[in-house]
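A closer look at the structure
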Amino acid sequence: MAGLAMSAHSVPHTKAARQALVRHLIETESVESQNQLAALLEREGLHATQATLSRDLVEIGAIKVRGVDGKLTYATQALLESIEDTGARLNRLCAELLHSAAGSANLTVLRTPEGAAQFLAMAIDSHDDPDLLGTVAGDDTILVIAADPLGGERLATKFLDRASGLHH
C-alpha cells in the first residue's frame, strides 16, 4: 500500500478505503485487539464501530496468529504468505547451496559454493528468525551469530535440517 498518505483528508469514508486502511494497519503495526484497531483508525480520522470492524476483519480475511513474542496479533493472508515465502525460499536455498554447517559457542559457520555465500546470507537475513542476530558473508563462507550465547551448534543443526527438508 505504498503511497497511502495516512490522514483524514486523503482517506475517503468508504468501506473499500476503510478496509484498505485496516489491512495496511494490520500489515504494518502489531494489532492485538479490535479496540486497538479502532484507536488506530481514529488516529487516522476514521470512526468504526466494533461490529463494523468485526465484519471488516472477516471480509479482508484477517486472522489472529501467535507471534514469536507469544502475543496474538491480527495478520492478513498476504502477510502470512510473505512470512512463509521467506522460510520456503531459505529452505530451498539451503538445499541448493549449503555444503556444511558447524557451530561453536554463539557462532555458526556455513560453507557454500564459491560466490554463493552473499546470496544465501541475504536470504538468512531477510527471514525473521529470533534465534540469530545476523550474518557476515565472504565468498564461500557465512558467519552466523546466534542470539543465544551457546546457540551456535543448534543453529548449525537448524540450517542442516533446512537443507535436508526437515525444517518447515
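The paragraphs below set out a description of the structure included in this document.

Criteria and cut-off values
Residues numbered from 1 in each chain as written. Predicted model: local features only at pLDDT ≥ 70, side-chain atom pairs only at ≥ 80, totals over all residues. Heavy atoms only, no water. Helix = DSSP H or I, 4+ residues; strand = E, 2+ residues; numbered from the N terminus. Buried < 20%, exposed > 50% of the residue type's maximum accessible area, 1.4 Å probe, protein only. Areas by Shrake-Rupley, 256 points an atom, 1.4 Å probe, with all protein chains shown as cover. Arc of directions from axis to C-beta. Contact = heavy atoms within 4.5 Å. Pairing = 2+ DSSP bridges. Axes fitted to C-alpha atoms, helices over the stretch in contact; angles between N-to-C directions. Parallel < 35°, antiparallel > 145°, perpendicular 65-115°, else oblique. Nonpolar A, V, L, I, M, F, W, Y, C, P; charged D, E, K, R; others polar. Core = buried A, V, L, I, M, F, W, Y, C linked by side-chain atoms within 4.5 Å.

Here we look at the overall build of the chain
A count of helices and strands for the chain gives six helices and six strands. Each helix and strand of the chain, placed in order from N terminus to C terminus, yields the pattern α-α-α-β-β-α-β-β-α-β-β-α. Buried positions account for 37% of the 168 residues belonging to the chain. By element, 55% of the accessible surface of the chain is carried by carbon and sulfur atoms, the whole surface being about 9,300 Å².

Quick look at helix H2 (residues 34-43)
For H2, the full list of buried residues reads Gln34, Leu37, Ala38, Leu40 and Leu41. Mapping the buried residues of H2 onto a view down its axis gives an arc of 160°, with all of them on the same face. Those residues of H2 that are buried lie in contact with helix H1 (15-28), helix H3 (50-59) and strand S2 (72-75). Gly45 sits one or two residues past H2 and shows a positive phi near 85°.

Considering unusual backbone geometry
Even without a glycine there, the phi angle at Ala105 is positive, about 50°. Counting through the fold element by element, Ala105 comes out in the loop between strand S3 (100-104) and strand S4 (107-111).

A short note on the sheet that holds S4
Read from one edge to the other, the open sheet built from four strands follows the order S3-S4-S6-S5, with strand pairing classed as antiparallel. Of all strands in the sheet, those bounded by a partner on one side alone are S3 and strand S5 (132-137). Going from strand to strand, the sheet's axes swing by 20° on average, the running direction of each strand aside. Where S4 meets strand S6 (residues 141-146), five bridges bridge the pair, whose relative direction is antiparallel. Its bridge partner being in S6, Arg111 is matched across the sheet by Thr141. Along the sheet face, helix H5 (residues 117-126) touches S4, S5 and S6 and points at about 165° away from the line of S5.

Remarks on the packing of H2 against H3
Interaxial distance between H2 and H3 falls to 10 Å at its minimum, and their mutual angle equals 100°. With respect to their mutual orientation, H2 and H3 come out roughly perpendicular. On the side of H2, the interface is formed by Gln34, Leu37, Ala38 and Leu41, while H3 contributes Gln50, Leu53, Ser54 and Leu57. Of the residues that constitute the contact of H2 with H3, the class distribution is five nonpolar, three polar and no charged.

Let's talk about the nonpolar core
If you look at the biggest cluster of nonpolar residues, it comprises 20 residues, and the most contacted ones within it are Leu90, Leu110, Leu120, Ile124, Ile142, Val144 and Phe159. Here this core takes five residues from H5, the largest share from any one element. Counting residues in each nonpolar core, the second largest holds 16 residues, with Leu21, Leu25, Leu37 and Leu57 among its members.

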